[in-house]
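Report on the structure
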Amino acid sequence: MTILNETATRTDRWTPVCSYTDLLPERGAAVLVGTMQVAVFRTFDGALYALGNFDPFSGAYVLSRGIVGTRGGEPTVASPMHKQVFSLVTGVCVDDPGVAVPTYPIRVTDGTVEVSVA
Amino acid sequence: MRLVVAGHGPTAHRLIETLVERGFDGTITVFGEEPRPAYDRVALTSYLSGKSVDDLTYRVPDGVSLRTGVKVVSVDRAARTVTTDAGYTEPYDVLVLATGSAPFVPPVPGKDLPGCFVYRTIDDLDAIREASRDARAGVVIGGGLLGLEAADALRGLGLETHVVEMSGWLMPRQVDEGGGSVLRNHIEALGLTVHTGAGVRSIEAGPDGRVAALVRPDGEAVDAQVVVFSAGVRPRDELARGCGLEVGERGGIVVDEGMRTSDEHIYAVGECALAAGMVYGLVAPCFAQAEVAADRILRGSAAFTGADMSTKLKLLGVEVAQFGAMSGALDVTYMDPVAGVYKRLFVSDDATTLLGGICVGDAGPYNTLRPFVGRPLPGAPSDLLFAGAGTTSTDLPDDAQVCSCNNVTKGKICAAIADKGLTDVQGIKDCTRAGTTCGSCVPMLKQILVKSGVDVGKALCEHFAHSRAELFDIVSVRGITTFSQLIAEHGTGRGCDICKPVVASILASLGRGHILDGEQATLQDTNDHFLANIQKNGTYSVVPRIPGGEITPDKLIVIGEVARDFGLYTKITGGQRIDLLGARVEQLPAIWRRLVDAGFESGHAYGKALRTVKSCVGSTWCRYGVQDSVGLAIALELRYRGLRSPHKLKSGISGCARECAEARSKDFGVIATEQGWNLYVGGNGGFTPRHADLLAADLSTDDLVRTIDRFLMFYIRTADRLQRTAAWLEGLDGGLGYLREVIMEDSLGICADLDAQMERHVATYVDEWRAAIEDPDKLRRFVSFVNAPGIPDPSISFETERDQIKPVLIPLEAVRS
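Note that this is a predicted model, so its numbers are computed, not measured.

With that out of the way, let us pick up the overall build of chain B. Helix and strand counts for chain B come out as 28 helices and 38 strands. When the 817 residues of chain B are sorted by exposure, 52% land in the buried category. Across chain B, the fraction of contacts at a sequence separation of at least 24, relative to all contacts at a separation of at least 6, is 60%.

All names here are of chain B. Relative to each other, helix H1 (residues 10-21) and helix H8 (residues 283-297) sit at 35°, their axes nearing to 8 Å. Crossing handedness for the pair H1 and H8: right-handed. On H8, the residues that touch Pro10, Thr11, Arg14, Leu15, Thr18 and Leu19 of H1 are Cys286, Phe287, Ala290, Glu291, Ala293, Ala294 and Ile297. Residue composition of the contact of H1 with H8, by class: 9 nonpolar, 2 polar and 2 charged.

We now examine the interface of chain B and chain A. Of the residues lining the interface, 42 residues belong to chain B; the matching set on chain A comes to 37 residues. Of the roughly 3200 Å² buried where chain B meets chain A, counting both sides, 54% is carbon and sulfur surface. Summed over the three residues of chain B that lose the most area to chain A, namely Arg494, Asp497 and Val786 of chain B, the buried surface amounts to 19% of that side. Counting the contacts that link chain B with chain A gives 4 salt bridges. Two residues, Lys83 of chain A and Asp525 of chain B, come together in a salt bridge whose shortest N-O distance is 3.1 Å. Split into classes, the residues belonging to the side of chain B that touches chain A amount to 15 nonpolar, 15 polar and 12 charged.

Take the nonpolar core next. All names here are of chain B. Ranked by size, the top nonpolar core spans 58 residues in total, and within it Tyr640, Phe668 and Leu739 carry the most contacts. With 9 residues, the top contributor of residues to this core is helix H22 (residues 701-718). Residues in contact with Leu739, not counting those within four places in the same chain, are Val681, Leu695, Phe711, Phe714, Trp728, Leu729, Leu732 and Met744. Residues Val4, Ile28, Phe31 and Phe304 belong to the second largest nonpolar core, which totals 44 residues.

This part is about the sheet that holds strand E4 (residues 72-76) of chain B. Residue and element names in this part refer to chain B. Judged by pairing direction, the sheet is antiparallel, and its 3 strands sit side by side in the order E4-E5-E6 without closing on themselves. The open sheet is flanked by E4 and strand E6 (89-91), the only strands paired with a single partner. Between one strand and the next, the sheet's axes are offset by a mean angle of 25°, whatever the strand orientation. Judged from the 4 bridges that link them, E4 and strand E5 (residues 81-84) form a sheet pairing that is antiparallel. Bridging from a neighbouring strand, Val75 pairs with Val82 of E5.

A few words now on the environment of Ala205 of chain B. Residue and element names in this part refer to chain B. The residue Ala205 is located in strand E13 (residues 202-205) in this model. Looking at Ala205, the relative accessible area reads 39%, which means it is partly exposed. Apart from residues lying up to four places away in sequence, Ala205 is in contact with Leu113, Arg210, Val211 and Ala212.

A few words on helix H12 (residues 425-432) of chain B. Here H12 of chain B has its buried residues at Val425, Gly427, Ile428 and Thr432 of chain B. All buried residues of H12 of chain B project into a common sector of 155° when viewed along the axis, lining one side.

With that out of the way, let us pick up the confidence of the model for chain B. Residue and element names in this part refer to chain B. The share of residues in chain B with pLDDT of 70 or more is 95%, and the mean pLDDT across the chain is 89. With pLDDT under 50 throughout, residues 388-394 is counted as low confidence; its partners more than four residues away or in other chains account for 25 contacts. Both confidence scores are given for the complex: pTM 0.56, ipTM 0.90.

Phi angles above zero are rare outside glycine, and Asp110 of chain A is one such case at about 50°. With respect to the helices and strands, Asp110 of chain A occurs in the loop between strand E10 (106-109) and strand E11 (112-116). For Asp698 of chain B, which is not glycine, the phi dihedral falls at a positive 50°. With respect to the secondary-structure elements, Asp698 of chain B resides in strand E36 (residues 693-699).

The next thing to look at is helix H21 (residues 629-640) of chain B. Residue and element names in this part refer to chain B. Here H21 contains 12 residues, and its C-alpha end-to-end distance of 16 Å stays within 8% of the 16 Å for a straight helix at 1.5 Å per residue. Within the sequence span of H21, burial applies to Ser629, Val630, Leu632, Ala633, Leu636, Glu637, Arg639 and Tyr640. Among the structural elements, strand E32 (610-615), strand E33 (649-654), strand E34 (668-672), strand E35 (677-681), H22 and helix H25 (751-764) are those in contact with the buried residues of H21. Immediately downstream of H21, the backbone of Gly642 shows phi near 80°, a positive value.

What follows deals with the packing of aromatic side chains. Residues and elements named next belong to chain B. Taken as a whole and assessed by the stated rule, the structure comprises 12 aromatic pairs over all chains. Residues Trp592 and Trp769 carry aromatic rings whose centres are separated by 5.5 Å and whose planes lie at 15° to one another, so their mutual orientation is stacked. Here Trp769 lies in helix H26 (residues 768-773) and Trp592 lies in helix H20 (residues 588-597), a separation of 177 residues in the sequence. Residue classification places Trp592 among the buried residues on the basis of a relative accessible area of 0%. On the accessibility criterion, Trp769 (0% relative accessible area) is buried. An angle of 75° between the planes, with centres 5.7 Å apart, marks the rings of Phe714 and Trp728 as edge-to-face. Here the residue Phe714 occupies a position in helix H22, and Trp728 occupies one in helix H23 (residues 725-731), the gap between them amounting to 14 residues. Each of the two residues, Phe714 as well as Trp728, counts as buried. Within the aromatic cluster, the residues linked to one another by ring pairs are Phe530, Tyr540, Trp592, Trp769 and Phe782.

This part takes up the side chain of Arg41 of chain B. All names here are of chain B. Structurally, Arg41 is set in the loop between strand E2 (27-32) and helix H2 (44-48). At a separation of 3.1 Å, a polar atom in the side chain of Arg41 contacts the main-chain carbonyl oxygen of Arg120. Once residues within four sequence positions are removed from consideration, Arg41 is found in contact with Gly9, Pro10, Glu34, Arg120 and Thr121.

A separate point is the pattern of salt bridges. Residues and elements named next belong to chain B. Scanning the model with the defined rule gives 58 salt bridges over all chains in all. Linking Arg545 and Glu601 is a salt bridge whose minimum nitrogen-to-oxygen distance equals 3.8 Å. With Arg545 in the loop between strand E29 (540-542) and helix H19 (553-566) and Glu601 in the loop between H20 and E32, this residue pair connects regions lying 56 residues apart in the sequence. Look at the salt bridges and you will find they share partners, linking Glu33, Lys71, Arg236 and Glu238 into a network.

This part covers the pairing of E33 of chain B. Residue and element names in this part refer to chain B. Burial within E33 is extensive, with 5 of its 6 residues counted as buried. Bridge count for E32 against E33 is 4 bridges, and the pairing is parallel. Paired with Ser615 across the bridge in E33 is Ile653. One ladder, built from 4 bridges, connects E33 with E34; its direction is parallel. Within E34, the position partnered with Ser651 by the bridge is Phe668.

A few words on the sheet that holds E34 of chain B. Residues and elements named next belong to chain B. The mixed open sheet is built from 5 strands, whose spatial order is E32-E33-E34-E35-E36. Edge positions in the sheet fall to E32 and E36, since each of these pairs with one other strand and no more. Geometrically, the sheet is characterised by an average inter-axis angle of 15° between neighbouring strands, direction not taken into account. Seen against the sheet, H21 touches E32, E33, E34 and E35 and runs at an angle of roughly 175° to E32. Along the sheet, helix H24 (residues 735-744) contacts E35 and E36; its crossing angle with E36, the most-contacted strand, is approximately 40°.

The rules behind the values
Residues numbered from 1 in each chain as written. Chains lettered and ligands numbered in written order. Predicted model: local features only at pLDDT ≥ 70, side-chain atom pairs only at ≥ 80, totals over all residues. Heavy atoms only, no water. Helix = DSSP H or I, 4+ residues; strand = E, 2+ residues; numbered from the N terminus. Buried < 20%, exposed > 50% of the residue type's maximum accessible area, 1.4 Å probe, protein only. Contact = heavy atoms within 4.5 Å. Axes fitted to C-alpha atoms, helices over the stretch in contact; angles between N-to-C directions. Left-handed = near helix turned anticlockwise from the far one by under 90°. Nonpolar A, V, L, I, M, F, W, Y, C, P; charged D, E, K, R; others polar. Buried area = accessible area lost by both parts, 1.4 Å probe. Salt bridge = Lys/Arg side-chain N within 4 Å of Asp/Glu carboxyl O. Core = buried A, V, L, I, M, F, W, Y, C linked by side-chain atoms within 4.5 Å. Pairing = 2+ DSSP bridges. Arc of directions from axis to C-beta. pLDDT = per-residue confidence, 0-100. Expected span 1.5 Å × (residues − 1). Phe/Tyr/Trp six-rings, centres within 6.5 Å; stacked < 30°, edge-to-face > 60°. Polar contact = N/O pair within 3.5 Å; in protein donor to acceptor, adjacent residues only side chain to side chain.

Structure representation (structure tokens):
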């Protein structure tokens, strides 16, 4: 019951962050949602992903500035600081699976990108 | 020409001999302090075993006026005369100082007692022989090469012989501790007593006033009636000091590559000279110096730029050899204490390059391997220890540490390859963590894969089966202008943080538009993406170009004002410019605007591109300078600015052989000569320091620029990703000779192409900062948050240290838990 409630709450709390065209294909951008920093990415095929912007290896809010690519078909971003690669789908670090960053729901509504961090 | 030589030892003899052989047509006057002509000092010990003075003495060439037993005591540089201890004055046009060295006698109480000697001249040996007639035991103080020679002599004279060596083992300059212990076993087996790690407290006299004992610091007395000091030598530079010639801080007469002192009429050679930053005590480098000086006196252009200090000798019946470096990233050691054999080879961190070796008891590898120092290994190191060059069947031992960051051995890597069926470096990284930290062992990981029977090819990453050089050719020949086109036609997937910057760099090298144009922007590392260098707290640093390090007061003031107004930390860099640190992304365009308005441009500190061309003050101001190094540095920096390459490029220009710009540590370095410029390539500081190699000498400025153009373009075309020129040159099949053929003799017929490519680069250069601030589309990216452009990143804060900002870091542990 709690889980259902939480899902319902999350989907209710979509925050518009930018227009879809603000995002470069295969590049990320940082957005501020309340006091949280979220890294949003637009991949080559037009899909969107959202991760925490905090790089757990370097302790800096920089993941949005990494190079976007693929590892075995899975979309990834490499930290700009020390190049650890994270899955855009799961947030898990490909080079060190014991480390992960949070992922957030993201969608486009009428050309506006929205994320849910609640 | 009247040539005067002060000193007559082996080096002076070699100089005179060379001059006479080559037809020197002036007069040669030599003053020798010893009562006899020069003799072979290396064979000195054989004098005690029966050779006569005549056997050892060199023949003085006809026509040379030699005055033995006469010492030069002063030089009048203005009058160009020397004065001898007999009060005689001799004029010269050219003076050569070959005064040699004096044995160093440590200030030990009793050092001047009768029975104490040094070991340098025939007179010394006569005295030692005389004193040994009534002696039981003798001590040599100093366990180096010469000390063991002396010990051999005392033993030959029938004395019970001790060797006292300050450091932990014998011959510390030629062998390491392991080799020293094997050497000690040999020497003790001959009946000598070795005291290592031991100093001398005093030398005590007996009732007759002569030496009776040596007392060690621990109070133990060693019976001895003869003491020989062999604790090193000091250059005899007193003549030079007396007449105001430049001498080194620790002694030695400073000379340039032509062995010329700070007075153009005076040369210095041999053990009294400080050449290429060193005083050489071995005979071979001294002879080389003598030949260079002779060549210069005959108006040649020979240069002495340092010498191989390799040694191979037989001492007390033991073979000892040392060649190349005495340390390295990796080493292979063989030790057999029973047979008394010790062999060790040092190799580079990727196990491809031989760095040096040490042999005791069997110097076999010396002859076969010494030529391979600094070159690719001719076989597996462990085979080479036994058979010398020519075998390649085995490899590093399993317990050799390959990745020192993560302590991964070769055995562990091989096991992972075999057990998990790994086929690429990424697989090794994932399984073992080897290569995941500093990455310097990655080339070695590839080698281990190959040795394990895996075909690794040259694949850049999982997206391209090509090497960087192959991709360069594809992009260049097919005229490809985008990453998407390249990966669609020649790769798989959508790229990654390895291949994207490589392709971005290739496109930039070929002049395919601004690095932030269209799709290219997405390929760039964060530094290139923001045209600034990311720092540990996510801020960036800004480095405006200051060509050659020359800057006006007005421009300095602008930099200061910008730093003050934006609250930036400032530091002078090693490349003679100023780094402004702590800028947030949204501040960058405003900072550039101020700098660009004042006439600055991007310094490309963020790019794999030309960084700086460092220079000394040069002939405009410096009283020693022979060419305008600043002018050349500025011209070269402006010519190559913005040139994208496989890795960063650094350069230095020195206005004379004193080399104040440290040009030989640069990718391309230039040192001025009287006739033009010497070009050195492939130098490096950093993780694996390397002196640049002389590619060409005495070039005109036009020839110099053309040669550098081709060198850079050939490097850009053919190097691997992130391969500096040093590693590229070392890996180049055929090495420096091949490079010379390609870019100076056009053996591949590509020089016109290389020239055209560079001309295109020079003609199409634009300042990346200016292009960014003049393009509203690019400017929009310079925000901390795309949904809140005015808000700075709240995670970035600073505290104050030494009156400047310093990042406040987020405690990592707290966040990760």
